[in-house]
Amino acid sequence: MDYKEIILDDNGKIFTINEKNIYNKSFIEALKFHEPGLAPVCDETGWYHIKTDGSPLYSERYKRCFGYYYGIAAVIDSSNNWFHIDTKSIRVYEQNYKWSGNYQEDVCTVRDSSDNYFHIDKKGNKIYSDLYSYAGDFKDSYACVRLQNGYFKHIDLNGKDLNGHLYKDLGVFHKNFATAKDNIGWFHIDKLGNNIYQERYLMIEPFYNGFALVEDLSGNKKVIDEKGVVTLTLTTTP
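Calculation criteria
- Residues numbered from 1 in each chain as written.
- Predicted model: local features only at pLDDT ≥ 70, side-chain atom pairs only at ≥ 80, totals over all residues.
- Heavy atoms only, no water.
- Helix = DSSP H or I, 4+ residues; strand = E, 2+ residues; numbered from the N terminus.
- Buried < 20%, exposed > 50% of the residue type's maximum accessible area, 1.4 Å probe, protein only.
- Contact = heavy atoms within 4.5 Å.
- Lys, Arg positive; Asp, Glu negative; His and termini not counted.
- Charge placed at Lys NZ, Arg CZ, Asp CG, Glu CD.
- Salt bridge = Lys/Arg side-chain N within 4 Å of Asp/Glu carboxyl O.
- Pairing = 2+ DSSP bridges.
- Phe/Tyr/Trp six-rings, centres within 6.5 Å; stacked < 30°, edge-to-face > 60°.

(A) Quick look at the overall build of the chain. When helices and strands are tallied, the chain shows 0 helices and 22 strands. For the chain, the spread of C-alpha atoms along the three principal axes comes to 55 × 45 × 30 Å. In the chain, which comprises 238 residues, the share counted as buried stands at 44%. Within the chain, contacts between residues at least 6 apart in sequence are counted, and of these 24% link residues at least 24 apart. Across the chain, the 28 positively charged side chains and the 33 negatively charged ones have centroids separated by 2 Å.

(B) Geometry of the pattern of salt bridges. Counting across every chain of the model gives 9 salt bridges. Between Asp140 and Lys139 there is a salt bridge, and its shortest N-O distance comes to 3.3 Å. Notably, a salt bridge pairs Arg200 with Asp182, separated by 2.8 Å at the nearest N-O pair. Taken together, the residues span a long stretch of sequence, with Arg200 in the loop between β18 (186-189) and β19 (203-204) and Asp182 in the loop between β17 (178-181) and β18 at a distance of 18 residues. Overall, the relative accessible area of 15% leaves Arg200 in the buried class.

(C) Structural context of the pairing of strand β11 (residues 108-111). Residues Cys108 and Val110 of β11 are buried on one face, and the alternating residues Thr109 and Arg111, pointing to the opposite face, are buried as well. One ladder, built from 2 bridges, connects strand β10 (residues 99-100) with β11; its direction is antiparallel. When the sheet's bridge partners are listed, Ser100 is paired in β11 with Val110. As paired elements, β11 and strand β12 (residues 117-120) share 4 bridges and run antiparallel to each other. Considered in β12, the bridge of Arg111 is made with Tyr117. Counted along the chain from β11 to the antiparallel partner β12, the turn is 5 residues long, and its residue Asp115 has a positive phi close to 65 degrees.

(D) Structural context of the packing of aromatic side chains. Across all of its chains, the model carries 16 aromatic pairs by this definition. A centroid spacing of 6.0 Å and a plane angle of 70 degrees characterise the contact between Tyr97 and Phe118, whose relative ring orientation is edge-to-face. With Tyr97 in the loop between β9 (82-85) and β10 and Phe118 in strand β12, this residue pair connects regions lying 21 residues apart in the sequence. Judged on exposure class, the residue Tyr97 and its partner Phe118 are both buried. Consider the rings of Tyr142 and Phe173, whose centres lie 5.9 Å apart with planes at 65 degrees: the pair is edge-to-face.

(E) Seen up close, the sheet that holds strand β15 (residues 152-156). Pairing is antiparallel across the open sheet formed by 3 strands, whose spatial order is β13-β14-β15. Where the open sheet ends on each side, the last strands, each with one partner, are β13 (134-135) and β15. With 5 bridges connecting them, strand β14 (residues 142-146) and β15 associate as antiparallel partners. In the sheet register, Ala143 faces β15, and the bridge partner there is Ile155.

In structure tokens form, the structure reads like this:
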């Protein structure tokens, strides 16, 4: 059975193919199937992962579990410890965390017992010595982190500062540009940290095939190109 054909219903309880309940069962809660064909589910025994035939992947049960990414899944045990397991439910490292994300680009963001954020490798080792007040996922080799002073910056997979620039808020790079915010408003930057235009906005989206939706400081929605030129002003709704 191809996991891509299996649909989780809108209530997040029943898996279907062609609108038929393929396991003749309703879960308390469930999440969608992910590569390599495994899904997190919860029934009266607790949380665990199932295969496409509906059978449990392992015998252990958790307080909560999440989808597999690159063969590793985040779980929470009965003591509220967060950690990651492989497809045999074996821990991939010994450390416990207060929260963990999903592995992206072979690293994962976690929060320790003191509420510090940082990234770990697949053996649970920190990939750098710094501690942050927040750290996001890596995308295309870069991640956004929030320093203890409240400012954001980009780091690379070695934990090194990308360009020396700090911002009040920050987004990941998407097609060579990232969203950033200073004291005036939002704008787009390149990988050197340079703003690609002078305007500031109340809201912006990442560029989509060369254009981005923005909202100016007066609340007007517009579309700009990668040079910041307004190409379209959207009609204001009453």
